[in-house]
Amino acid sequence: MTTRRQEWANRTIPMVLILFVLAWGVRLVGVDVGYFFGDERINDAARAMTGQLIPGQHFYPPFLNYINAAAFAVLYAGGRVLDVWPDTAAFRAQYFSDPLPFYVTARVVVAGLAALTAPAFYLVARALRIDGWYAVGAGLLGLMYPLGVYQSHIAKSDVALASFAVLTLLALIRRHQPQAGGREDVVLAVAATIAISFKHSFVFLLLPLVIVHIIALWRSRSGAEAGKSFLRAMLTVGLLWPILNIGTVLDFQEFLAYQRIQSLMSHSDGSFLEAVRLFGTLAAGQVSGITITGALLALTFPI
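Remember, predicted model here, so these are calculated numbers, not experimental data.

Quick notes on the rules
Residues numbered from 1 in each chain as written. Predicted model: local features only at pLDDT ≥ 70, side-chain atom pairs only at ≥ 80, totals over all residues. Heavy atoms only, no water. Phe/Tyr/Trp six-rings, centres within 6.5 Å; stacked < 30°, edge-to-face > 60°. Buried < 20%, exposed > 50% of the residue type's maximum accessible area, 1.4 Å probe, protein only. Helix = DSSP H or I, 4+ residues; strand = E, 2+ residues; numbered from the N terminus. Polar contact = N/O pair within 3.5 Å; in protein donor to acceptor, adjacent residues only side chain to side chain. Contact = heavy atoms within 4.5 Å.

(A) Up close: the packing of aromatic side chains. Inspection of every chain in the model, using the stated rule, returns 11 aromatic pairs. Plain terms: the ring middles of Y95 and F102 are 5.2 Å apart, the flat faces sit at 85° to each other, and that makes the pair edge-to-face. Residues Y95 and F102 agree in their burial class; the two are buried. Summarising the aromatic geometry, the rings of F164 and F198 are spaced 5.7 Å apart at their centres and angled 40° between planes, so their arrangement reads as tilted. Residue F164 is found in helix 9 (residues 158-175), and its partner F198 is found in helix 10 (residues 182-198); the two are separated by 34 residues along the sequence. The class of F198 is buried, set by a relative accessible area of 1%.

Next up, the structure:
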């Protein structure tokens, strides 16, 4: 006799895998766009592969550099097996003569991280007790979302952040289910830490979520439960964040200097009309914007 958990796994895991593979396949089309984008920090990833963990700049966290460095190691191993380069000197020469294999490898990695959005959408729907083809439809929305596909062809962390932002929301929903406890606190903290490690700005979305989470837990359980949940999560973040962002920790003063620079670069008048104008610009973009359909969905279902 199968348990409810086994039945859930039998129904959910195959669909999660199918959505991920389809989403990755869609995003792999176009990874060789014939152009190198300035925001693709391939040089920092290459340096990380040699043990230089501090990035050349701190506008983005270094976590993606380390992931891409691991992917470059796989690229090197595959090239040795296929006799593409006989030694590390030839591999290094390849980077300086034609870095295209490195760019494509990094874009494949980012496409894989972005592909997590599709199963994450599906799992959020299931966690909200949306079943059947409606949940699959949510997954397909994540699979084909235009901006998510387009940004997957650029080896930067925006779409990876998007995936883990949705996974953070999923972990938050599961933490408020009746049987949830300490394990769910750790999972929530891990998802949020990975999201922050892809882009610092996720903190501005995470902070109100944490406040609402603690208040909701306080009201539904108890103040003691809410306090323990917060402490478990913060302990997990405190242990994991320095590991994923070791280059930032080692160069923290320079990191703070770059944040001051970035705050000046991001300055605007902050008015409501400016926000409306920016939203309209993004909604009108058919390639790199969210499109009219996406804008309407965002207004209708803001979460």
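(B) Geometry of the side chain of H213. Inspection of the secondary structure puts H213 in helix 11 (residues 202-220). A distance of 2.8 Å separates a polar atom in the side chain of H213 from a polar atom in the side chain of H176. Look past the residues within four positions of H213 in its chain and what remains in contact with it is L172, R175, H176, L188 and S229.

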